[in-house]
Amino acid sequence: MPSSTANAASITSSIISSSNQWGNVAALSFTASLAQLLGKTTLVGKLLGAPVTAMALTFVLSSVGWIPTLSSSTWTWNTLLPPGGSPASTFLQGVSLTLATPLLLLGTSIRGKALRQCGSLLGSFVIASLGTLAGASLAFSLGIQQALITSLPGQDGIKIAAALLAKNIGGGLNYMAVVSCLNASPESIAAGLCVDNVMALVYFPLVSMMASKYEDVSDADRGEEEVDTKEDSSNVESNDLSPIESLSHAFTLAAVLTALGQFLNSNLHHLTSLMGKSSASNASPLNLSLPITTLLAVIFSTYYPPNIFLSPTSSNDKDSRSNNIAKAGETLGTSLLYLFFATAGAPGWLLKDSIQQSFPAIASFLIILYGVHGAVLWGTKKLVDTCIKDSGSVWKNVVAPQRLLVGSSAAIGGPATAAALAKSFNWESLLTPSLLVGNVGYAVATFIGLLFYGVHR
């Protein structure tokens, strides 16, 4: 096979044309599924993670000519997917992210027992999130902002920084919500994801190495967490919905919340007019439909009455818990996120220059962010250990190494990553709370990222 440079020069077409909608949908869906398998079974896949593996696969399929065809007595190398993307990939990218946002938030509740069940881990997560915010702010105060602006087109540098801040408080869902709201270019979006995952290759093994030194937490606060977890597992309603009903209801809720978010976003100009603000600006308006949908999903999951039609929670006389609708939403939402990451690599070779040019600036920003994040966690623990001698203090529970590590993982990687860390080291008392604090991150991180952008743009 010829070199990649020769490939780029000799590619004349793709096997699946840009106008073949279902061909592109099938290829992108297959890539998303294959990436999940490779992410579990191969060394490279485990290092990159399934989302980046999906993006890398579609990048290769739309950039590298590896299928020979004979045309006009000469051999040419064709890509499988159309270089530069296709209308189908653009459509899938929008739909997958738009629906994944409310689906993943159906099990999020930020009041009452849900917060109490987090126990001291909620404090650890808040410290970790403040460390991420402090790192991003310090990076900008040191001049990284200008480097980001010059290495990425337009104002994308600040947009990607805000999205990375959101990602490292919530998760990939928040990253995509911020870049969608701020209308960042596909090239910049892919560059930010690639560099962040390179940083994660250092962060997650380091956290696992530190976590291996500790047993499960063994303080008074653990009792509350364990009791709550046992209550959740014992209070199983006998009338749980069937899988078909759960999936159908979850999709219905996502569609309704999305439609309502789109409607409110389209009518924001009426609000700005009532406030006396002129809309005659040359700057493109923010697309706030995803943040509005996020807010609606959190409000719905928190306050919608349990045990009625379309409710994502079930309850008895003592407490409430997420039901099969919320679990179905998590399943559907996660599968759509994988599909989204597959579409992120569809532009193919167009991403190469953007990633190369922006890598130093984005990497510098993330090195400072991660470094300050860790320093805040370490400094808080040292300060509490020095100032508070009572081993039963709430603050002692908050800065327990196990909770700080899980809280950090919930901020940097999201609820699934935090739960995986707790499970891999048999920290059973932190398993359910890790998922809950991760969902809190999902609920607030998008708004923190947008606020950061508003301050620094």
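Along every chain, residues carry numbers that run from 1 in the direction the sequence is written. Local features are withheld for residues below a pLDDT of 70 in this predicted model, meaning they are given only at 70 or higher, and side-chain atom pairs are given and counted only at 80 or more; totals for whole chains, interfaces and linings count all residues. As a rule here, side-chain values come from all non-hydrogen atoms in the structure, and water together with hydrogens is ignored.

A. Summary view of the overall build of the protein chain. Scanning the protein chain from N- to C-terminus turns up 21 helices and four strands. Burial statistics for the protein chain: of 457 residues in total, 48% are counted as buried. Contacts are assigned to residue pairs that have any heavy atoms within 4.5 Å of one another. Partitioning the contacts of the protein chain with sequence separation of at least 6, the portion at a separation of at least 24 is 77%. For every accessible area listed, the method is Shrake-Rupley and the probe measures 1.4 Å; residues are considered covered only by the protein chains on display. Summed over all atoms, the accessible surface of the protein chain reaches about 20,800 Å², with 65% contributed by carbon and sulfur. Put simply, DSSP H or I for four residues or longer makes a helix, DSSP E for two residues or longer makes a strand, and each gets a number counted from the N terminus. For the exposure calls, accessible area comes from a 1.4 Å probe over protein chains only, and a residue counts as buried if that area is under 20% of its type's maximum, exposed if over 50%, partly exposed in between.

B. Here's a closer look at the nonpolar core. Core analysis: the biggest nonpolar cluster contains 103 residues, and Tyr-175, Ile-362 and Phe-365 have the highest contact counts within it. Ignoring anything within four residues of it in the chain, the contact list for Phe-365 reads Ala-136, Ala-139, Phe-140, Ile-144, Leu-148, Ala-161 and Leu-164. Definition of nonpolar core: a set of buried residues of the types Ala, Val, Leu, Ile, Met, Phe, Trp, Tyr and Cys, connected through side-chain atoms within 4.5 Å.

C. Region of interest: the pattern of salt bridges. Salt bridge, as used here, is a side-chain nitrogen of Lys or Arg placed within 4 Å of a carboxyl oxygen of Asp or Glu. Evaluated as defined, the whole model comprises four salt bridges. A salt bridge links Asp-156 to Lys-159, with the nearest nitrogen and oxygen atoms 3.7 Å apart. Of this pair, Asp-156 and Lys-159 both sit in helix 9 (residues 156-167), three residues apart, which is roughly one turn of the helix. In this pair, the class of Asp-156 matches that of Lys-159, namely buried. Linked through salt bridges whose partners overlap, the residues forming this network are Lys-381, Asp-385 and Lys-396.

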